[in-house]
Amino acid sequence: QVQLVESGGGLVQPGESLRLSCTASGSIFSINVMRWYRQAPGKQRDLVAGITSGGTTMYADSVKGRFTISRDNAKNTVFLQMNSLKPEDTAVYYCNGLISMTSSRYRYTAYWGQGTQVTVSS
């Protein structure tokens, strides 16, 4: 009953920017922490950034200073602003959220989106 859908990926040149969005829908009671992960072909899925319900953020060292995570609680949406993109940022980006449902308001479950492709190439 809970679904996460990412959008905003695409093909850009090095140094350019993209803004990813992830919107949660369904019978949601509360959204705790939300995170962005990324995965390149043949590699493991790595944590990129996270944000708590109160707005506290964290970033992987590889993106610190270039990426910014934010959220709009009223719209159940998390964003990832990606600036100064590098070829090494090329990956499928996934949204992850700890979410409780109205049917069990204090039980949080991790949900994943299907991913959105980001390609940085000259």
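So, here is what we can say about the structure in this document. (Residues numbered from 1 in each chain as written. Predicted model: local features only at pLDDT ≥ 70, side-chain atom pairs only at ≥ 80, totals over all residues. Heavy atoms only, no water.)

**Concerning the environment of Gln-44**
Then, number 1: In this structure, Gln-44 sits in the loop between β4 (28-39) and β5 (46-51).
Then, number 2: Of the residues examined, Gln-44 reaches a relative accessible area of 59% and is grouped as exposed.
Then, number 3: When the C-alpha atoms of Gln-44 and Ile-69 are compared, they prove to be 21 Å apart, with 25 residues separating the residues in sequence.
Then, number 4: Residues within four places of Gln-44 in sequence aside, it is in contact with Arg-38 and Gln-39.
Then, number 5: One polar contact links Gln-44 to Asp-46, side chain to side chain, over a distance of 2.9 Å. (Helix = DSSP H or I, 4+ residues; strand = E, 2+ residues; numbered from the N terminus. Buried < 20%, exposed > 50% of the residue type's maximum accessible area, 1.4 Å probe, protein only. Contact = heavy atoms within 4.5 Å. Polar contact = N/O pair within 3.5 Å; in protein donor to acceptor, adjacent residues only side chain to side chain.)

**Re the state of the cysteines**
Then, number 1: Summed over the entire model, instances satisfying the criterion amount to one disulfide.
Then, number 2: The partner cysteine of Cys-22 in its disulfide is Cys-95, sulfur to sulfur 2.2 Å. Judged by the sign of its S-S torsion, about -80°, the bond between Cys-22 and Cys-95 is left-handed. Separated by 73 residues along the polypeptide, Cys-22 in strand β3 (residues 18-26) and Cys-95 in strand β9 (residues 91-101) bring together distant segments of the chain.
Then, number 3: For Cys-95, a relative accessible area of 0% corresponds to the buried category. (Disulfide = S-S within 2.5 Å.)

**Regarding the side chain of Asn-96**
Then, number 1: Here Asn-96 shows up in strand β9.
Then, number 2: By relative accessible area, which is 4% here, Asn-96 ends up buried.
Then, number 3: Separated by 3.4 Å, the side chain of Asn-96 and the backbone oxygen of Tyr-111 make a polar contact.
Then, number 4: For Asn-96, the residues in contact, after removing those within four places along its chain, are Leu-4, Val-33, Met-34, Arg-35, Tyr-37, Ala-110, Tyr-111 and Trp-112.

**Quick look at the sheet that holds strand β1 (residues 2-7)**
Then, number 1: Here we have four strands laid out as an open sheet, ordered β1-β3-β8-β7, and antiparallel in their pairing. Of all the strands in the sheet, just β1 and β7 (67-72) have a single pairing partner and so form its edges. The sheet shows a mean angle of 15° between the axes of neighbouring strands, direction not considered.
Then, number 2: One ladder, built from six bridges, connects β7 with strand β8 (residues 77-82); its direction is antiparallel. Residue pairing in the sheet places Arg-71 in a bridge with Val-78 of β8. (Pairing = 2+ DSSP bridges. Axes fitted to C-alpha atoms, helices over the stretch in contact; angles between N-to-C directions.)

**What about the nonpolar core?**
Then, number 1: Counting residues in each nonpolar core, the largest one holds 31 residues, and the members touching the most others are Trp-36, Leu-80, Met-82 and Tyr-93.
Then, number 2: Where this core is concerned, the elements lending two or more residues are β1, β3, β4, β5, β7, β8, β9 and β11 (116-120).
Then, number 3: Counting residues per element, this core draws most heavily on β9, at five residues.
Then, number 4: Ignoring anything within four residues of it in the chain, the contact list for Met-82 reads Glu-16, Ser-17, Leu-18, Leu-20, Arg-66, Phe-67, Tyr-93 and Val-118. (Core = buried A, V, L, I, M, F, W, Y, C linked by side-chain atoms within 4.5 Å.)

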